[in-house]
Amino acid sequence: MPNKKNKAHIIVVGNEKGGSGKSTTAMHIVVSLMKKNYSVSVVDLDSRQKSLARYLENRLNYANAHDLTLSIPDVYILSRSMEGDVDNMMFEDTKNFSELIEELHKDSDFILIDCPGSDSNLARLAHSVADTLITPINDSFVDLDLLATVNPDTYKVEKLSLYSEMVWDARKHRAMTDRGTIDWIVMRNRVSTLDAKNKRRVNSALKELQKRVSFRYVQGLAERVIYRELFPKGLTLVDFRDTDEKVTMSHIAARQEIRRLMADLNLPEIEKEKPQADLKGNVA
Ligand SMILES: Nc1ncnc2c1ncn2[C@@H]1O[C@H](COP(=O)(O)OP(=O)(O)O)[C@@H](O)[C@H]1O
Ligand SMILES: [Mg+2]
């Protein structure tokens, strides 16, 4: 393994709300990393929706149907245990999760874990092994409430949300087990190009919140139809050069924001020992 600690860097995309853009963001990060020739393993913990696994399945089908060379990671769907009592379920979840992650560490540079939009044992376990945790939130005060209750005038934090407390616990757990730290990044998603006033207010509130809740707030992604349209083809904005898709000005702007997001994530550069083979066995 090229990584100095002999471990993959674990990226977890999570929050306890569906539809905030976790799987869409996750997909763009995976493809961006694979474009840099990193080996990436994907774990989809949303075993009900399986959006990320489905996104990647669409990608495989599209690549085959159009004879395209697209990088596609290995995907593992982990379902929560339903056997026995609560203690037994917790035991089984922990065992299954730890075994899978240990295995993936062996030949991945990055492991990306996409969480469901609800609290679960598996989601908690994922948060507690994260090196980088990414929480996309939609651009509204309803979503800010997922992080903390804030005073409407001063934006001072009045109470941490259950989710922020869970991340706090995960950080404590991380510090105790391997003295690791979790770089928690909150990104806005589906930012409207129209509602300037709301945009400014949410921006100020997040700037205030980041100091108190200890996350890094980064700009994130705008609301763009293209993000919805890419799913059935399994494509991302990073792929356009490898396909026959027509590129418009809007795509170029969107690609820029993905590049900026990747830079903002501040992921480690991992030295490569050997080139990666792609889906069709071609070496880059
Ligand atoms: N920036 C965006 N602009 C427009 N639509 C988006 C954007 N991000 C996500 N979406 C759409 O919002 C819906 C929910 O996104 P998804 O990534 O599945 O969220 P989650 O994984 O958090 O449930 C999907 O239909 C997706 O295509
Ligand atoms: Mg999802």
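In this report, we go over the structure that sits alongside the text.

### Some remarks on the pairing of strand S5 (residues 132–138)
Of all the seven residues making up S5, seven are buried; the element is thus mostly covered by neighbouring parts of the structure. Pairing geometry for strand S1 (residues 9–13) and S5, over three bridges, is parallel. Each bridged residue has a counterpart across the sheet, and for Val 12 the counterpart in S5 is Leu 133. As judged from the seven bridges shared by S5 and strand S8 (residues 183–189), these two strands associate in the parallel manner. Looking at S8, one finds that Thr 135 is bridged to Val 186.

### Side note on the pattern of salt bridges
Oppositely charged side chains may form a pair once their charged atoms are brought near each other. The tally for this structure, following the rule as stated, stands at 16 salt bridges. Across the pair Asp 178 and Arg 174 runs a salt bridge, and its minimum N-O distance is 3.0 Å. You can see Asp 178 and its partner Arg 174 sitting in helix H6 (residues 162–178), four residues apart, about one turn around the helix. For Arg 174, a relative accessible area of 6% corresponds to the buried category.

### Examining the site of ligand 1
The immediate surroundings of ligand 1 are formed by 14 residues, with Gly 19, Lys 22, Thr 24, Asn 189 and Ala 222 found nearest. Note that an oxygen atom of ligand 1 is positioned 2.9 Å from one of the side-chain N or O atoms of Lys 22. One nitrogen or oxygen atom from the main chain of Ala 222 is found 2.8 Å from a nitrogen atom belonging to ligand 1. Expressed as a share of its isolated accessible area of 560 Å², the protein-covered part of ligand 1 is 82%. No other element matches the three residues that helix H1 (residues 22–35) contributes to the shell around ligand 1. Within the shell around ligand 1, the residues separate by chemical class into two nonpolar, seven polar and five charged.

Procedures and definitions
Residues numbered from 1 in each chain as written. Chains lettered and ligands numbered in written order. Predicted model: local features only at pLDDT ≥ 70, side-chain atom pairs only at ≥ 80, totals over all residues. Heavy atoms only, no water. Buried < 20%, exposed > 50% of the residue type's maximum accessible area, 1.4 Å probe, protein only. Helix = DSSP H or I, 4+ residues; strand = E, 2+ residues; numbered from the N terminus. Pairing = 2+ DSSP bridges. Salt bridge = Lys/Arg side-chain N within 4 Å of Asp/Glu carboxyl O. Near = heavy atom within 4 Å. Polar contact = N/O pair within 3.5 Å; in protein donor to acceptor, adjacent residues only side chain to side chain. Areas by Shrake-Rupley, 256 points an atom, 1.4 Å probe, with all protein chains shown as cover. Nonpolar A, V, L, I, M, F, W, Y, C, P; charged D, E, K, R; others polar.

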